[in-house]
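Below are the chains, spelled out letter by letter.
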Amino acid sequence: MSDILCVSQDEIIHQIKLSYQIPTIAESIITRKIMINAAQEAGIKAETEELQEAADSLRLMNQLESAEATWAWLQTHRLTLDDFEELVYYTVIYSKLTEHLFADKVEEFFVEHQSDYVQVVMYEVVFDDLDLAMELFYAIQEGEISFTEVAHKYSHDVEIRRCGGYKGILSRTNLKPEISAAVFAVTPPQLLKPIVTSKGVHLINVEEIVTPQLNQTLRLKIIYNLASQWLKKQLEQMKFEVVISC
């Protein structure tokens, strides 16, 4: 028996079907066609310098530091140089089109949705016992014990315990609705009265509310969100049929 098993193109397509991936892949193909058509209608083109920069970024992202590494990567993914150039081209076109469509809408969107980008610096310990959480809440308020000491002693999460309960800088979407509502309603620093959720009893110390700034990172995030919403609408309005030859 040969040590090498061959996988045919038909078998790959069959496996994609068995993995329920046909709709997802078809949507990706239609999305690419929508973007390319929209870019052509807007007269958007990819310049040589932009393509080179995008190619360098793609190689960097995949840790392709030499021509040999790039060639091996292409072979692994069964890509030709033409395929690689198409990936680079689509990356540039997508970036330029989204900038063209939504750059002038970023500031208005940011103003209207500014509260969505507010973040919180918080500490948290989750208990199983409400009575214990309440007891420690009052003890911290009275200065009998610090929040850090409570975290070290009662947190079930090893990393949280080591960090004194520090959860990081979180957005509303990172928190349960009942916790988010309480956290963003206070003026820090503030220790919150224990909050009961399906995960337990949360004792939370709010250190800081971080007001969002419209920097380049957030600007790109907003453009991406606007583009995603636009593409979703385009897909909803478009009828398409998947044709796979037998």
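Residues numbered from 1 in each chain as written. Predicted model: local features only at pLDDT ≥ 70, side-chain atom pairs only at ≥ 80, totals over all residues. Heavy atoms only, no water.

Draft legend 1. Expanded view of the overall build of the chain. Across its full length, the chain holds 11 helices and five strands. Scaling as 2.2 N^0.38, a compact globule of 246 residues should have a C-alpha radius of gyration of about 18 Å, whereas the chain reaches 26 Å, well beyond that. If you line up the chain on its principal axes, its C-alpha atoms span 70 × 60 × 40 Å. In the chain, which comprises 246 residues, the proportion classed as buried is 31%. Long-range contacts, defined here as pairs at least 24 residues apart, represent 70% of the contacts in the chain between residues at least 6 apart. Each charge class in the chain can be summarised by its mean position, and for the 21 positive and 37 negative side chains these summaries are 5 Å apart. (Helix = DSSP H or I, 4+ residues; strand = E, 2+ residues; numbered from the N terminus. Rg over C-alpha atoms; globule rule 2.2 N^0.38 Å. Buried < 20%, exposed > 50% of the residue type's maximum accessible area, 1.4 Å probe, protein only. Contact = heavy atoms within 4.5 Å. Lys, Arg positive; Asp, Glu negative; His and termini not counted. Charge placed at Lys NZ, Arg CZ, Asp CG, Glu CD.)

Draft legend 2. Structural view of the packing of helix 2 (residues 22–41) against helix 5 (residues 81–102). It is at 10 Å that the axes of helix 2 and helix 5 come closest, and there the two elements cross at 60°. The two elements helix 2 and helix 5 cross, and the hand of that crossing is left-handed. Across from Thr31, Arg32, Met35, Ile36, Ala38 and Ala39 in helix 2, the residues of helix 5 making contact are Glu86, Tyr89, Tyr90, Ile93, Tyr94, Leu97 and Thr98. Here the contact of helix 2 with helix 5 is composed, by residue class, of nine nonpolar, two polar and two charged. (Axes fitted to C-alpha atoms, helices over the stretch in contact; angles between N-to-C directions. Left-handed = near helix turned anticlockwise from the far one by under 90°. Nonpolar A, V, L, I, M, F, W, Y, C, P; charged D, E, K, R; others polar.)

Draft legend 3. Inspection of helix 5 at higher detail. Across its 22 residues, helix 5 extends 32 Å between first and last C-alpha, which sits within 8% of the 32 Å expected from 1.5 Å per residue. Every buried residue belonging to helix 5 is among Phe84, Val88, Val92, Ile93, Leu97, Thr98 and Phe102, and all of these are buried. The inward-facing, buried residues of helix 5 abut helix 2, helix 3 (48–61), helix 4 (67–76), helix 6 (106–112) and helix 11 (216–237). (Expected span 1.5 Å × (residues − 1).)

Draft legend 4. Region of interest: the pattern of salt bridges. Taken as a whole and judged by the stated rule, the model has six salt bridges. Taking the shortest distance from any N to any O, the salt bridge between lysine 96 and glutamate 50 comes out at 3.2 Å. Of this pair, lysine 96 sits in helix 5 while glutamate 50 sits in helix 3, and the two are 46 residues apart along the sequence. On the basis of relative accessible area, lysine 96 is assigned to the partly exposed category, the value being 25%. In this structure glutamate 50 comes out as partly exposed when scored by relative accessible area, which is 28%. The salt bridge partner of glutamate 124 is lysine 167, with a shortest N-O separation of 3.7 Å. (Salt bridge = Lys/Arg side-chain N within 4 Å of Asp/Glu carboxyl O.)

Draft legend 5. Geometry of the nonpolar core. In this structure, Ile34, Ile44, Trp73, Phe84, Val88, Ile93 and Leu97 are the most contacted members of the largest nonpolar core, which totals 20 residues. Within the residue set of this core, elements represented by two or more residues are helix 2, helix 3, helix 4, helix 5 and helix 11. Beyond its immediate sequence surroundings of up to four residues, isoleucine 34 is in contact with Trp230, Leu231, Gln234, Leu235 and Met238. The next biggest cluster of nonpolar side chains, apart from the first, holds 13 residues, and it includes Tyr123, Ala133, Ala151 and Val201. (Core = buried A, V, L, I, M, F, W, Y, C linked by side-chain atoms within 4.5 Å.)

Draft legend 6. The environment of aspartate 3, seen in detail. Tracing the backbone shows aspartate 3 in the segment before helix 1 (9–18). Linking aspartate 3 and leucine 231, residues 228 residues apart in sequence, is a C-alpha distance of 46 Å.

Draft legend 7. Structural detail: the environment of alanine 182. Locating alanine 182 in the fold gives a position in helix 10 (residues 177–183). Here alanine 182 falls in the partly exposed class, since its relative accessible area comes to 25%. Between the C-alpha atom of alanine 182 and that of alanine 227, which follows or precedes it by 45 residues, the distance is 32 Å.

Draft legend 8. The arrangement of the side chain of threonine 70 in detail. On the secondary structure map, threonine 70 appears in helix 4. Not counting chain neighbours up to four residues away, the residues in contact with threonine 70 comprise Arg59 and Leu64.

Draft legend 9. Representation of a negative patch on the surface in the model. Together, Asp128, Asp129, Asp131, Glu135, Glu142 and Glu144 make up a negatively charged patch on the protein surface. Note that glutamate 135 resides in helix 7 (residues 130–141). For glutamate 135, a relative accessible area of 54% corresponds to the exposed category. (Patch = residues over 30% accessible without salt bridge, like charges linked within 9 Å, V, L, I, M, F, W, Y side chains within 5 Å. Areas by Shrake-Rupley, 256 points an atom, 1.4 Å probe, with all protein chains shown as cover.)

Draft legend 10. Up close: unusual backbone geometry. Put simply, proline 188 and proline 189 share a cis peptide bond, and its omega is -5°. Here proline 189 lies in the loop between helix 10 and strand 3 (190–191). Positioned with a positive phi, tyrosine 20 is a non-glycine residue whose angle comes to about 60°. Its location among the elements puts tyrosine 20 in the loop between helix 1 and helix 2. We note that arginine 78 has phi near 55°; this positive angle belongs to a residue other than glycine. Examined against the element boundaries, arginine 78 turns out to sit in the loop between helix 4 and helix 5. Since its relative accessible area comes to 69%, arginine 78 is described here as exposed.

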